[in-house]
Amino acid sequence: MKIYIAPLAGVTDYTFRGLLDEYKPDLMFTEMVSINALEMENEKTLNQILRIRDGEAVQIFGKDIDKMVHSAKYITEKLGVKHIDVNAGCPVNKIIRNGYGAALLEEPDHIKRILCEIRENIADDVDLSLKTRVGYKGLKQHKLVGKIAQESGCKHITIHGRTREQMYSGKADWELIKEVKESIDIEVIGNGDIFTAEDAYEKVKYSGVDGIMLARGICGNPWLVQQIREKFELGEVKTEVTSEDRLNMAIKHTLQAKLDNPNKVFLFELRKHLCWYLKGMRNGAALKSAINLIDSYDELVKLLERAKENL
Ligand SMILES: Cc1cc2nc3c(=O)[nH]c(=O)nc-3n(C[C@H](O)[C@H](O)[C@H](O)COP(=O)(O)O)c2cc1C
């Protein structure tokens, strides 16, 4: 059973993926990359989002077939990436308005053309995949997109068990994910609402998927990868996460962010992660307020160290 780390814009950046790597997920995806931004050589896209390590997968989003192919070729040939993922699931208005992300579900034939053209133009040793939702505008297209992914030469399809209209509300429908698994032969990766090892176990046993993709569940909880492995391999979760572990991870994350970005301060991104680590901890609320007022890596580390002494 494979464990993949989802593309999460503003979250699964270079530093966080570095921390997650310690728990050895089978594959990690970058935040989604705009094919338009790549074409315009946007600085953030080139230097931040496409800052990658060997073995990581890159997700692209857009609609224009030539640009999609061009981006896939650039990322695989110039950057040496061995896995390209196409986003057909993003529900955000500004993406949908342009016909990108989940809006592609309105034109399943176009998804097929994008995938087939990319497949034809990238090297044989590069994997291609599709990440999508179960439907758009009241239609349930899960089995259709599964078939399309298979016919277009995808290595796998990741299916999030919500429609575009659901955004992130309601529950992911793993029955629909199960139906995709039962209807195609390529690997099916299930996604949606995995927050604990028990969630993962229950959903995999129910649906028979080949793997899972973790998204919001790993925010502030990189241990989830290890806990899921324990549940599957040993029958129970062995790793208990204490408040001290949480603070240590928050300190590690801060120090790593400083090391990764010696010339630039990314406190906005970092604060979000730190607040997640502290969620539910005694005095967590006061600590979070203090974190949001600090504007240097060193001061953050001092605050977190002090919090450890006061545990
Ligand atoms: C903050 C945030 C950013 C996301 N960014 C992306 C993205 O860049 N590409 C993508 O395909 N999905 C993105 N997603 C969707 C997730 O990858 C995932 O499909 C979704 O959160 C459902 O899984 P979950 O219920 O385990 O969180 C994002 C979700 C969130 C909450």
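Residues numbered from 1 in each chain as written. Predicted model: local features only at pLDDT ≥ 70, side-chain atom pairs only at ≥ 80, totals over all residues.

## Things to note about the overall build of the protein chain
Then comes step 1: For the protein chain, the helix and strand inventory stands at 14 helices and 10 strands.
Then comes step 2: Its C-alpha atoms give the protein chain a radius of gyration of 20 Å, near enough to 19 Å, the size a compact globule of 311 residues would have.
Then comes step 3: By its C-alpha atoms, the protein chain is 60 × 45 × 35 Å across when sized along the principal axes.
Then comes step 4: Buried residues in the protein chain amount to 44% of all 311 residues.
Then comes step 5: Counted over contacts in the protein chain with a minimum sequence separation of 6, partners at least 24 positions apart contribute 65%. (Helix = DSSP H or I, 4+ residues; strand = E, 2+ residues; numbered from the N terminus. Rg over C-alpha atoms; globule rule 2.2 N^0.38 Å. Buried ≥ 20, exposed ≤ 12 C-beta atoms within 10 Å, placed from the backbone. Contact = placed C-beta atoms within 7 Å.)

## Describing the site of the ligand
Then comes step 1: With respect to spatial proximity, 22 residues lie near the ligand, and among them Ala6, Pro7, Met32, Ala215 and Arg216 are the closest.
Then comes step 2: A per-class count over the shell around the ligand returns 10 nonpolar, eight polar and four charged. (Near = placed C-beta within 6 Å. Nonpolar A, V, L, I, M, F, W, Y, C, P; charged D, E, K, R; others polar.)

## Considering the nonpolar core
Then comes step 1: Ranked by size, the top nonpolar core spans 68 residues in total, and within it Ile60, Ile84, Leu115, Ile212 and Leu214 carry the most contacts.
Then comes step 2: Not counting residues within four places of it along the chain, the set of residues in contact with Leu115 comprises Val86, Leu128, Leu130, Ala149, Ser152 and Cys154.
Then comes step 3: Counting 14 residues, the second-largest nonpolar core is a separate cluster that includes Met249, Tyr277, Ile291 and Leu304. (Core = buried A, V, L, I, M, F, W, Y, C linked by C-beta atoms within 7 Å.)

## Quick word on the packing of helix H1 (residues 14-21) against helix H11 (residues 243-260)
Then comes step 1: Running from N to C, H1 and H11 cross one another at 125°; their axes reach a closest spacing of 9 Å. Regarding the angle of H1 to H11, the classification is oblique. The two elements H1 and H11 meet at a crossing, and its hand is right-handed. Residue-level contacts link Tyr14, Thr15, Gly18 and Leu19 of H1 to Lys252, His253, Gln256, Ala257 and Asp260 of H11.
Then comes step 2: Here the contact of H1 with H11 is composed, by residue class, of three nonpolar, four polar and two charged. (Axes fitted to C-alpha atoms, helices over the stretch in contact; angles between N-to-C directions. Parallel < 35°, antiparallel > 145°, perpendicular 65-115°, else oblique. Left-handed = near helix turned anticlockwise from the far one by under 90°.)

## What about the packing of helix H8 (residues 174-183) against helix H9 (residues 197-207)?
Then comes step 1: Relative to each other, H8 and H9 sit at 45°, their axes nearing to 9 Å. Comparing their axes, H9 and H8 come out oblique. For the pair H8 and H9, the sense of crossing is right-handed. The residues of H9 that touch H8, namely those facing Trp174, Ile177, Lys178 and Lys181, are Lys203, Tyr206 and Ser207.
Then comes step 2: Taken together, the residues of the contact of H8 with H9 sort by class into three nonpolar, one polar and three charged.

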